[in-house]
Amino acid sequence: MLLNSKNILSVVVAMALALLASCGSNFDDVPTRLVVEGYIDSDGYPRVYLTMSVSPSDHAKPLSDSFIRWGKVTVSDGDTTIILTGAADYDVFPPFVYRTYEMKGVPGKRYTVTAQYKELTVTSSATMLQPTAIDGIEFSPIEHNDSLCATFINFTSPADVPAYYVIQSRSRTRGTSFQTSMLGAFVANEPLSKYRMQVYRAGSDLDELLVGGEKPEKLSSSFVRGERISVKLCRVPKEIYDFWVAFDNNSTFGETRFVNGYTLLPSNIEGGYGVWSVQGACTIDATVDCE
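Residues numbered from 1 in each chain as written. Predicted model: local features only at pLDDT ≥ 70, side-chain atom pairs only at ≥ 80, totals over all residues. Heavy atoms only, no water.

Undergrad: Sorry, what's going on with the pairing of strand E7 (residues 110-117) here?
TA: The side chains of a regular strand alternate, residue by residue, between the two faces of the sheet. The sheet contact formed by strand E3 (residues 72-76) and E7 spans five bridges and is antiparallel. The residue of E7 that forms the bridge with Val75 is Val113. Looking at chain direction, E7 and strand E8 (residues 120-127) are connected through eight bridges and run antiparallel. When the bridges of E8 are listed, Val113 appears paired with Ser124. (Pairing = 2+ DSSP bridges. Helix = DSSP H or I, 4+ residues; strand = E, 2+ residues; numbered from the N terminus.)

Undergrad: What exactly am I supposed to notice about the sheet that holds strand E2 (residues 47-52) here?
TA: Strand pairing in a sheet takes place through backbone hydrogen bonds and is either antiparallel or parallel in direction. If you walk across this open sheet you meet the eight strands as E5-E6-E2-E1-E16-E15-E11-E12, and the pairing is mixed. Edge positions in the sheet fall to strand E5 (85-88) and strand E12 (179-188), since each of these pairs with one other strand and no more. Across this sheet, the average inter-strand angle for adjacent strands is 30°, counted without regard to direction. Bridging between strand E11 (residues 163-171) and strand E15 (residues 228-236) involves eight bridges; their strand directions are antiparallel. Residue pairing in the sheet places Ser169 in a bridge with Val231 of E15. (Axes fitted to C-alpha atoms, helices over the stretch in contact; angles between N-to-C directions.)

Undergrad: Is there a simple way to explain the state of the cysteines in this structure?
TA: Note on terminology: a disulfide is the covalent bond linking the sulfur atoms of two cysteines. For the coordinates displayed, the defined rule picks out one disulfide. Its sulfur unpaired, Cys234 is 9.6 Å from the next cysteine sulfur, which belongs to Cys282. (Disulfide = S-S within 2.5 Å.)

Undergrad: Please explain the environment of Gly184 as it appears in this structure.
TA: Note that Gly184 resides in strand E12. Residue classification places Gly184 among the buried residues on the basis of a relative accessible area of 2%. C-alpha separation for the pair Gly184 and Trp244, spaced 60 residues apart in sequence, amounts to 8.4 Å. Sequence-distant contacts of Gly184, defined by excluding residues within four places in its chain, comprise Tyr165, Val166, Ile167 and Asp248. (Buried < 20%, exposed > 50% of the residue type's maximum accessible area, 1.4 Å probe, protein only. Contact = heavy atoms within 4.5 Å.)

Undergrad: Would you take a moment to explain the environment of Tyr117 for this structure?
TA: For Tyr117, the position within the fold is in strand E7. Look at Tyr117 and you get partly exposed, because its relative accessible area is 22%. When neighbours within four sequence positions are excluded, Tyr117 is seen to be in contact with Leu34, Met52, Ile68, Trp70 and Gly71.

Undergrad: Explanation requested: the pattern of salt bridges in the structure shown.
TA: Close approach of charged atoms lets side chains of opposite charge pair. This structure, assessed with the given rule, holds nine salt bridges. One salt bridge connects Lys232 with Asp41, and the closest N-O pair in it is separated by 2.5 Å. Linking Lys232 in strand E15 with Asp41 in strand E1 (residues 34-41), this pair joins segments that are 191 residues apart in sequence. Two residues, Glu138 and Arg196, come together in a salt bridge whose shortest N-O distance is 3.1 Å. (Salt bridge = Lys/Arg side-chain N within 4 Å of Asp/Glu carboxyl O.)

Undergrad: I tried to follow the sheet that holds strand E4 (residues 81-83) on my own but got confused; where do I start?
TA: Taken in spatial order, the four strands of this open sheet run E4-E3-E7-E8, and their pairing is antiparallel. Two strands close off the open sheet at either side, each with one partner strand: E4 and E8. The sheet shows a mean angle of 15° between the axes of neighbouring strands, direction not considered.

Undergrad: Looking at this model, I keep getting lost on the side chain of Ser76. Mind explaining?
TA: Among the secondary structure elements, Ser76 is positioned in strand E3. Ser76 gets classed as buried once you look at its relative accessible area, which sits at 18%. At 3.1 Å, the side chain of Ser76 and the backbone nitrogen of Gly78 are in polar contact. Apart from residues lying up to four places away in sequence, Ser76 is in contact with Thr81, Met103, Arg110, Tyr111 and Thr112. (Polar contact = N/O pair within 3.5 Å; in protein donor to acceptor, adjacent residues only side chain to side chain.)

Undergrad: What am I meant to see in the pairing of E12 here?
TA: Of all 10 residues making up E12, seven are buried, and the element is well covered by its neighbours. As judged from the six bridges shared by E11 and E12, these two strands associate in the antiparallel manner. Opposite Val166, over in E12, you have Ala185 as the bridge partner.

Undergrad: Help me out: how do you make sense of the environment of Tyr98 in this one?
TA: Summarising the element assignment, Tyr98 is placed in strand E6 (residues 96-99). Residue Tyr98 is classed as buried on the basis of its relative accessible area of 2%. Separated by 50 residues in sequence, Tyr98 and Val48 have C-alpha atoms that sit 5.0 Å apart. What Tyr98 contacts, discounting residues up to four positions off in sequence, is Pro46, Arg47, Val48, Leu50, Ile68, Arg69, Trp70, Gly71, Val73, Leu84, Thr85 and Gly86. Of note is the side chain of Tyr98, whose polar atom sits 2.7 Å from the backbone oxygen of Ile68.

Here it is, written out as structure tokens:
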């Protein structure tokens, strides 16, 4: 079984604060806060991963101590408030998710998540934008490689630009969940224009290939011929885009996935860390074929 290593974000991101303070401050001075990693897609259900922030001074504690299994998480669309149910989910990491099937994402509505654990409370709100349709998916051969294909999606930008996007992908063949693709955060500035964007494998998918499952002959950010994949084009508000573009930069170019020159990722979580990613989403399924 493959783990979704992207969710390690929920436990590790706040370590940057301790690194920032390491030159002159005691690790104990860094406040403990809740970390939220939450999503709701248009026509999709909310899901939230909730953890406690950790710092290098917590190195002796097991990582599982940071998982929150007895928190209270609610999501409101302005008319209805739903308490999410916590449940084990061994297909992701951390293996515990708060979710509900009583609320679906609707473009135009504003969604507020509130998470509580003991004396700590965090909240975040964002408006769901209209999704942008994917016009099609294409594959092209990669020179000097018979097993990999370059993947592209085509779409038409909306009239109200700038439009901020995040591309997410998953391998249905390998059983991974949707994760943000490498170099997948971008802005469309030209209204009603044709765009063609390359889709790369999620960076954490590459990590998964190293720690589980059958190892390919060569690791690559491209998809393999015959692989069944899904690609999701997510339109998001700018503050959510800001998080994902920083995450993307740190993942691709940084010293680690979460700290680049000791810079903490931006967050739209009030009172805590992480992201509440409200997404107008369009998904396309395909089998990779570039004959």
